[in-house]
Amino acid sequence: MNDFDSGRPVVLRGGTVLPMDGRRVLPRTDVLVTGDRIAAVGRDLRAPQDAVEIDASDGIVMPGMIDTHRHMWQTAMRGYGADWTLTQYFVWFYLEHGSLFRPEDVHAGNTLAAIEALDAGVTTVVDWSHGLQTVDHADAAADALQSVPGRYVLAYGNIQAPPAEWTATPEFRDFVARRVTGDDLLGFQLAFDVLGDPSFPEKPAFEVARELGVPVTTHAGVWGATSDDGIKLMYEHGFMTPETVYVHAASLSADSYHRIAATGGSISVSTESEQSAGQGYPPTWAVRAHGIPVSLSMDTSVWWSGDLFSAMRTTLGADRSREHLEAHARGETVTHCGLRADEVVTWATRGGARALGRDDLGGVEPGKKADLVLIKNDASPVSFPLLNPFGHVAFQAQRGDVHTVLVDGRVVKHEHRLVGVDLAAARRQVERTVEHLRSEMGDEAWEKGMNPDIPATKILDNPYTYTDYRSDSTHRL
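What comes next concerns the included structure. (Residues numbered from 1 in each chain as written. Predicted model: local features only at pLDDT ≥ 70, side-chain atom pairs only at ≥ 80, totals over all residues. Heavy atoms only, no water.)

Points about the overall build of the protein chain
- What the protein chain contains, in helices and strands, is 15 helices and 17 strands.
- On C-alpha atoms alone, the protein chain measures out to a radius of gyration of 24 Å, which is about the 23 Å that the 2.2 N^0.38 rule sets for 477 residues.
- Projected onto the principal axes, the alpha-carbon positions of the protein chain cover approximately 85 × 65 × 50 Å.
- Counting across all 477 residues of the protein chain, residues that qualify as buried make up 55%.
- Considering only intrachain contacts with a sequence separation of at least 6, the fraction spanning at least 24 residues in the protein chain is 75%.
- Carbon and sulfur atoms provide 50% of the accessible area of the protein chain, an area that totals close to 20,900 Å². (Helix = DSSP H or I, 4+ residues; strand = E, 2+ residues; numbered from the N terminus. Rg over C-alpha atoms; globule rule 2.2 N^0.38 Å. Buried < 20%, exposed > 50% of the residue type's maximum accessible area, 1.4 Å probe, protein only. Contact = heavy atoms within 4.5 Å. Areas by Shrake-Rupley, 256 points an atom, 1.4 Å probe, with all protein chains shown as cover.)

Put into structure tokens, the structure is as follows:
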């Protein structure tokens, strides 16, 4: 029998603990887990005789990270759209090929994404599941999430139909009645966008969310798609709430940020996505100025990585590069960074918990849920010296340094290996999905989709190019 299958208490010994209640660091500290909760945090804790002890010395113990926006169903297409713009993403998934995904393909993507998240220390993921074109697809998505021992929120969406249409069907209501049962490991939201039509066709979907008592998560401030008009409509009709999560929010006006701040919502920043796809410049510089809570997310593995180490790193880089660029344009020099490493680590943990209304997540303190990550890699030269723990998490650590992961008190990864996860079965599922999609599309469309045309590049004329050159001379005229 595996020690971790027996429900025994777990104690992580002697780690550097980040409780995430500010910039506090607790060196050489133990964390005791009993059941699904953190029972105690302190030095030289007395643990039950049957407790499993994990050596956390020379490592960092922190809360499990929380991704508030990931299109998990697309993970079977990992890296396929590496050279896409957002326009090409919309065309491929929304207009041409998204409808080819069968329920089993959604299951395959969700399963792989869920496993990948745990491996990277992401213990909670919001599955922004806008590929649920039938309730069979939705059941497949939920089944996949419940087959992997993490914490998830199914954000139900359907890009193949207007939100007012799919939220009104009896099949959708039946799904909610069957699957939204209060399971602590599977939350529920509605996921749809507001396109800014003055007639506000999305209003009935908001009313359904209000009736069901569930939050709405929406792509806001996406250049060319969702704008200030959508925010204004939501505000004027009373649908902006503290539970609302605005994804990207990268091309909004100050007025929209004021409305979000005034109504208590939060923004999920997907920096790698905003940098590359074109939603707008990653907005943390503006969001911080308006005092809006922030969480981090990875968007989709059809483009980018699926870990929040990348999110923290790129978020710091984007925010600081803009700060320097704007200062240089004014002839000034930035001498103190506005965004600090501990802030992005907070966004990746407590920020996500706040966005989901989960005060019991995102921290290392007695009474909170035991969703924990131990970052430790004795075989890596990057693991030492450990001088600035927040800086180490944000700039030095990576998924290969995730030693141990607990979700709800259960060890799901230990000594760099997943526990109780059938990765080979997930691989077979994904291979069947890729084979199906490639067969349905045909080889030519498949290759064209993966390799979009490259626009012509004009090389600027160089006034310093010499036109008269004598090869037998050591000088140029």
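Regarding the packing of helix α2 (residues 103–119) against helix α14 (residues 423–441)
- In the contact formed by α2 and α14, the axes pass within 9 Å of each other and the chain directions differ by 140 degrees. By the angle between their axes, α2 is oblique relative to α14. In terms of crossing hand, the pair formed by α2 and α14 is left-handed. In this structure, α2 contributes Glu 104, Asp 105, His 107, Ala 108, Thr 111, Leu 112 and Ile 115 to the contact, and α14 contributes Leu 423, Ala 426, Gln 429, Val 430, Thr 433 and His 436.
- Looking at the contact of α2 with α14 residue by residue, the class counts come to six nonpolar, five polar and two charged. (Axes fitted to C-alpha atoms, helices over the stretch in contact; angles between N-to-C directions. Parallel < 35°, antiparallel > 145°, perpendicular 65-115°, else oblique. Left-handed = near helix turned anticlockwise from the far one by under 90°. Nonpolar A, V, L, I, M, F, W, Y, C, P; charged D, E, K, R; others polar.)

Structural notes on the pairing of strand β1 (residues 10–17)
- Here β1 lies mainly inside the structure; seven of its eight residues are buried.
- In the sheet, β1 pairs with strand β2 (residues 26–34) via five bridges, with the strands oriented antiparallel. Bridge assignment links Gly 15 to a residue of β2, and that residue is Thr 29.
- The pairing of β1 with strand β5 (residues 60–63) spans two bridges and is parallel. If you follow Val 17 over to β5, its bridge partner there is Val 61. (Pairing = 2+ DSSP bridges.)

Some points on unusual backbone geometry
- The amide bond that connects Phe 384 to the next residue, Pro 385, takes the cis arrangement and shows omega of -5 degrees.
- By the secondary structure assignment, Pro 385 is in the loop between β14 (372–375) and α13 (389–396).
- Although it is not a glycine, Asp 58 adopts a positive phi angle of roughly 65 degrees.
- Its place among the elements puts Asp 58 in the loop between β4 (52–55) and β5.
- Positive phi outside glycine occurs at Glu 415, with the angle close to 50 degrees.
- We classify Glu 415 as exposed; its relative accessible area is 52%.

Everything listed here is a matter of geometry and, on its own, says nothing about what the molecule does.
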